[in-house]
Every structure is written in structure tokens, then in C-alpha cells.
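Notes for the structure review
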Amino acid sequence: MITLIQLNAASQAEFVQLLDGTYEHSPWIAEQAWAQRPFLGLDQLKLALVQVVRDAGREPQLALVRAHPELAGKAMVSKTLTAESTNEQGKAGLTDCTPEEFAQIQQLNADYNARFGFPFILAVRGPRGLGLPKAEIIATFARRLDNHPDFELAECLRNIHRIAEIRLNDKFGHSPDLGNLVWDWHERLSTHSDPGYAERGELTVTYLTDAHRACAQRLSHWMREDCGFDEVSIDAVGNVVGVYHGTDPKAKRLLTGSHFDTVRNGGKYDGRLGIFVPMACVRELHRQGRRLPFGFEVVGFAEEEGQRYKAVFLGSGALTGHFDMTWLDQKDANGITMREAINHAGLCIDDIPKLQRDPANYLGFVEVHIEQGPVLNEVDLPLGIVTSINGSVRYVGEIIGMASHAGTTPMDRRRDAATAAAELALYVEQRGASVPHLVCTVGMLEVPNGSINVVPGRCKFSLDIRATTNEVRDACAADIRNALKALCERRGVHYKLEETMRAAAAPSAPEWQHRWERAVETLGLPVFRMPSGAGHDAMKLHEIMPQAMLFLRGLNAGISHNPLESITNDDTDLCVRAFQNLLEQLATEQP
């Protein structure tokens with residue numbers, strides 16, 4: 001095994017030799033990283049190697065990709081793979097393919113090389129380091145054939161860095177145990193899914209279904225039995241609440257958590273990461289027999305996504321005193337009211353108002369979350385500090401024209417609702433791109449009862465506007481409403497527009513953002529600041545107490561709300577350690 005002491009003391013030639021095999025047939029990476037010694041930790045070394053590749057430019061990057069063998073290719077057959085590649089392909093079962101699997105991979109290799117001009121690269125040991133199933137490897141291969149060449153080159157480089165990370169872990173005898181723990185909890189919780197989705201292997205957990213209640217029971221069991229929380233309960237709206245007392249049980253608490261419900265056919269990590277990371281911190285404190293000078297309250301919020309009922313932030317809203325009791329009369333797609341669902345779950349509706357927290361009893365609220373976007377992937381960093389959660393407003397609308405015969409209605413006589421909506425969508429795209437950190441989306445377009453030979457008489461649409469400040473959001477919304485009015489008047493159609501949701505921007509509390517920054521710096525990682533385009537439970541808690549968030553990099557270009565959503569055990573380990581650093585800071589600050 002290599003040690004950092006040994007590596008930092010090495011000559012350049014010794015340094016390169018010690019890291020031999022980390023990057024396939026590319027000693028130049030270690031040669032250039034040598035000048036950045038001393039490395040205070042393995043994570044710093046990994047980032048230094050990544051930075052060398054980032055700074056190298058396109059041609060050396062292409063050469064690095066081309067230095068790698070094809071999966072289950074000629075080098076494997078001729079047994080000329082490096083020891084590292086042999087080990088990795090073997091762990092993924094690629095050295096034991098059936099003739100059919102081998103033929104399929106060979107065809108994919110040929111198609112991929114013809115399209116991109118370089119070999120397909122995949123970290124086949126996977127996000128947990130144990131090896132990917134062959135079926136997943138083949139499916140990933142086929143999916144990535146559709147990528148843009150520039151994006152695919154970047155994806156290959158990201159996988160090369162993951163391969164190098166796992167190889168470095170092996171060289172140093174390093175195991176990201178806390179990351180493995182959190183990763184495994186996600187896997188086990190994802191076995192619960194709503195009917196109709198579970199049968200297809202899809203993850204869907206909506207408010208107070210059997211799968212949702214099973215998740216709550218599993219979380220509460222782990223909190224109590226595995227982690228050592230002092231108090232664990234499921235509250236009147238289904239939130240799972242764990243409390244780990246400080247040295248003084250009456251001391252103020254740090255509040256944290258996130259949601260455990262999912263979108264339909266969603267990913268395993270959205271929301272749940274923000275529950276499991278602090279759970280791992282409590283588990284370590286309990287194992288050490290240690291108390292902090294403040295209490296620690298972790299909440300698995302029962303609902304954030306608004307999938308079963310038209311009520312978002314239901315779980316965190318109950319804690320801020322903003323649970324709307326009229327929601328209880330809402331019906332789901334099967335006609336079941338929220339009141340009936342809560343009663344069926346054995347929860348007490350009369351206790352909902354009692355869930356409101358008194359901010360005077362809390363230090364603040366922090367939340368860890370998967371980024372749900374590509375930024376951290378693109379900058380090759382595992383963690384990002386959130387500066388603000390975007391304010392948002394949503395609308396549903398309809399343009400009404402006149403349905404008429406597609407063959408007999410002259411082009412200058414048409415009152416086409418769909419083309420009017422298309423013109424609006426193009427304006428929305430243009431307006432959203434006009435200001436930094438503003439995004440606008442027409443996510444739904446529908447021509448009710450449309451026919452191939454009928455000029456559309458109606459077109460329904462949705463509109464989602466988000467920005468880091470309420471002022472930018474509202475200015476954009478006003479411009480879009482004016483554009484809609486003007487184009488409808490010009491086209492001789494009319495419209496309806498209903499605002500369905502409005503959430504204020506939630507800037508991070510400066511002192512809490514700085515704590516996250518110091519927590520990341522302590523790991524030897526660079527501080528990267530970024531806004532959150534997605535809404536989070538933190539924006540509800542922001543209404544009553546200071547809040548700040550930490551983002552974790554996601555794989556597959558950070559895709560979320562999708563089964564491809566993924567994280568690595570190494571990144572997750574860093575996330576847990578950053579949270580531990582934040583707790584240590586708070587401990588030193590308390591009187």
C-alpha cells in the first residue's frame with residue numbers, strides 16, 4: 001500500500017512509478033501532478049490529477065481516451081489488458097460473456113468507434129466499486145451512442161477519473177466506509193415502490209401509500225436501532241423525526257433533513273440523501289459515545305414533490321405552520337381525499353397544528369441534496385455550496401382559437417391555437433436566456449382531441465419561471481404575460497392563464513453558507529458556489545429560520561427525477577465528512 005508520506009517525499013520518477021496504472025498508459029498525468037506536492041489528503045491528490053487532465057486540452061484528452069481498451073474487446077481476448085483493466089472487466093463479468101453478449105458488445109464497440117472515433121469508456125466497477133451488471137453495461141453503451149460527440153468525450157473523461165479514483169483507493173487501501181453506508185441505505189430503501197411501478201422495477205413513492213409508509217417505518221427503525229437517536233417518531237403528517245440530544249437535552253437544536261417521497265419513475269437519491277447523511281453523522285457520534293453542546297434533529301419530510309395531491313412542501317410546511325387545512329379535501333387520481341389517506345395511515349389530523357416549530361429553539365436549518373444538474377460534473381468537483389434557492393412561479397394556460405378543416409382553411413384565415421402556443425414557447429426560451437440564473441420552461445403542450453387534418457382550436461400549456469431573485473422572476477413573468485396578450489391579439493385568438501404556485505427566493509444565510517464553505521475547505525477541496533434552480537424543503541424552513549444547503553455531484557451529467565440519477569460512494573463519503581466538519585464548527589462556537 002502507498003502512503004501520502006511516501007508519495008510526498010518521492011522524486012518525480014518515483015512519484016510516477018508509485019501511481020503507475022492509475023491512468024491507463026498515461027504517465028504524463030502523474031508527471032505534471034508531481035509539482036503540486038505536498039498533498040494533505042487522498043482527495044487532494046485525486047483532484048490534482050483531474051485538474052491536469054482538464055488543463056491539458058482536447059488532443060491530450062483524446063489520446064488519454066484512446067489509451068483505454070475496448071470493453072470485452074480484442075485486448076481482453078488476447079489477454080493483453082493491464083492488470084488493472086483485467087481486474088475491473090473481470091469484476092463486471094465481462095471476462096465471462098456468453099457468445100450472444102460478446103457479439104452484442106462487439107457490435108456496440110464497432111458502432112461507437114464509427115460514430116465517435118474513440119473507444120467507449122465506462123467505470124465498470126460502478127458507483128459502489130463492486131462491479132456493474134452486464135445488462136446495465138450494455139444498456140449504458142447503447143444509450144450513450146446517441147450523445148453529442150463533445151458531450152460523449154466529456155462523459156468518457158468523467159468515467160476515466162472514476163476509474164482512477166477506484167484504482168487510487170486500491171493503491172492506498174482506502175475504503176469510503178461512510179459513503180458505502182449511505183449508498184447502501186439508499187439501495188435498501190428503494191426496494192419500496194408504489195403498485196404499478198414496482199412491477200416494472202421503477203421507483204415511485206407518493207404520499208401515504210403503502211410503500212411510503214414502509215419507507216417511514218424503515219427510516220424510523222434505522223434511526224433508532226442502527227444510529228442511536230434518543231427519540232424517533234412519525235408525526236401527524238407522516239414526517240419521520242429523529243432527535244439526538246446534546247449534552248443538555250434542553251439546548252437549542254440544529255435542524256436538518258429532506259424528503260423521502262419521489263416523483264413517478266424517479267431516482268433513488270433526490271431528497272433521501274439529505275436524510276441519510278445526517279443519520280450517518282449521528283451513528284458515528286453514538287458509536288463514539290459523544291454528545292454535542294446542541295441538539296440535532298433530523299426530519300425525513302413525508303412530502304415535497306406534489307405527486308399524489310396538489311400540495312407541495314406538505315411535510316416541511318407543517319413545521320413552519322403553513323399546512324393548509326383545505327388541502328385535506330383534495331382528492332387523488334383514485335378519488336381518495338388527503339383526509340382519508342391520513343386517517344387510514346393512523347395519523348391524527350388534530351395534531352397537525354402542533355407540529356409548528358418555534359424558531360427560538362433552533363440554531364438554524366441545513367440541508368444536503370444531490371445537485372440535480374450538470375454543473376458539478378462539468379467542473380469535476382464533488383461538492384458545491386448553495387448561495388440561494390431560486391424563487392419560482394408556475395402557470396397553467398390555454399389558448400383558444402378556432403378548430404377548422406386543415407385542407408379548406410387558407411393560411412391567412414386560420415386561428416391556430418397550437419402555433420400561437422409555439423410562438424409563446426419560443427419567446428419564453430428567448431426571454432429565459434436573456435438574464436443569468438433565470439430559467440423558463442414550457443413543460444407541457446397539449447392539443448385536446450387534436451386530429452391530423454384539423455387546425456388546432458385549443459392548446460393547453462404550462463409555464464415555469466425560476467430566478468435567484470423575486471425581482472428577476474417577476475419581471476420575466478410580466479414580460480411573458482404581455483407577450484402572450486400581444487400575440488393572441490395579433491393572431492385573433494384568446495387565452496386563459498392561471499397562476500398555480502409561487503415560491504419566494506431563499507438566499508442562504510451568510511453565516512451558515514460560510515460554515516459550509518469552511519467544512520468543505522477543511523476537506524482540502526476548493527469552494528465552489530452555485531445557485532439552486534430546484535426547490536427544496538430548505539426554502540420552506542427559510543421562512544422561519546436561517547438556512548443553507550450543500551450540493552453533492554450526481555453522475556450521468558447530474559440527471560435527476562430519472563432512474564439514471566446516481567452518486568458515488570467516494571463523493572458521498574466526502575459529503576458525510578463535510579457535514580461532520582460543520583457539526584464540529586458549531587460545537588466550538590457554542591458557549
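In this report, we go over the structure that sits alongside the text. (Residues numbered from 1 in each chain as written. Predicted model: local features only at pLDDT ≥ 70, side-chain atom pairs only at ≥ 80, totals over all residues. Heavy atoms only, no water.)

The subject of this paragraph is the packing of aromatic side chains. Enumeration over the complete set of coordinates arrives at 14 aromatic pairs. Seen in terms of ring centroids, Phe 301 and Phe 365 are 6.4 Å apart; in terms of plane orientation they differ by 45 degrees. Their pairing is tilted. Taken as a pair, Phe 301 in strand β4 (residues 295-301) and Phe 365 in strand β5 (residues 362-370) lie far apart in primary sequence, 64 residues in all. Residues Phe 301 and Phe 365 agree in their burial class; the two are buried. Among the aromatic residues, ring-to-ring pairing joins Tyr 112, Phe 116, Phe 118, Phe 120 and Phe 141 into one connected group. Taking the ring centre of Tyr 244 as reference, the NZ or CZ of Arg 291 above it sits at 4.4 Å. Taking NZ or CZ as reference, Arg 515 lies 4.3 Å from the ring centre of Trp 512, over its face. (Phe/Tyr/Trp six-rings, centres within 6.5 Å; stacked < 30°, edge-to-face > 60°. Helix = DSSP H or I, 4+ residues; strand = E, 2+ residues; numbered from the N terminus. Buried < 20%, exposed > 50% of the residue type's maximum accessible area, 1.4 Å probe, protein only. Lys NZ or Arg CZ within 6 Å of the ring centre and 35° of its normal.)

The next point concerns the environment of Ile 349. Along the chain, Ile 349 turns up in the loop between α15 (338-344) and β5. Assessed through its relative accessible area of 11%, Ile 349 is described here as buried. Along the primary structure Ile 349 and Lys 79 are separated by 270 residues, whereas in three dimensions their C-alpha atoms are 66 Å apart.

For the bond running from Arg 37 to Pro 38, omega is 0 degrees, close enough to zero to count as cis. With respect to the helices, strands and loops of the structure, Pro 38 is situated in the loop between α3 (28-33) and α4 (42-56). A positive phi angle is found at His 25, which is not glycine, with a value near 50 degrees. For His 25, a relative accessible area of 59% gives the class exposed. Look at Leu 208: it is not a glycine, yet its phi comes out positive at around 60 degrees. Within the element layout of this structure, Leu 208 appears in the loop between α11 (177-189) and α12 (210-227).

The next thing to look at is the pairing of strand β16 (residues 547-552). Taking burial as the measure, the 6 residues of β16 include 6 buried ones, the bulk of the element. Burial of the side chains of β16 extends over both faces: Gln 547, Met 549 and Phe 551 are buried on one face and Ala 548, Leu 550 and Leu 552 on the other. Inspection of the sheet shows β5 paired to β16 by 6 bridges, in the parallel sense. Paired with Glu 367 across the bridge in β16 is Met 549. Of the strand pairs in this sheet, strand β6 (residues 383-389) and β16 are connected by 3 bridges, and their pairing is antiparallel. Within the sheet, the bridge partner assigned to Leu 383 lies in β16 and is Leu 552. (Pairing = 2+ DSSP bridges.)

Before going further, it helps to spend a moment on the pattern of salt bridges. Summed over the entire model, instances satisfying the criterion amount to 42 salt bridges. Between Glu 165 and Lys 46 there is a salt bridge, with its nearest N and O atoms 3.4 Å apart. Of this pair, Glu 165 sits in helix α10 (residues 149-172) while Lys 46 sits in helix α4, and the two are 119 residues apart along the sequence. Residue Glu 165 shares its accessibility class with Lys 46, and that shared class is buried. Here Glu 101 ties to Lys 134 by a salt bridge, and the two come within 2.9 Å at their closest N and O atoms. (Salt bridge = Lys/Arg side-chain N within 4 Å of Asp/Glu carboxyl O.)

What follows is about the nonpolar core. With 105 residues, the main nonpolar core has Met 279, Met 338, Leu 383 and Trp 516 as its most contacted residues. Not counting residues up to four positions away in its chain, the partners in contact with Leu 383 are Leu 376, Val 520, Leu 523, Leu 525, Phe 528, Leu 550, Phe 551, Leu 552, Leu 574, Cys 575 and Ala 578. By size, the runner-up hydrophobic cluster in this structure holds 49 residues, among which are Phe 39, Ala 48, Ile 105 and Phe 141. (Core = buried A, V, L, I, M, F, W, Y, C linked by side-chain atoms within 4.5 Å. Contact = heavy atoms within 4.5 Å.)

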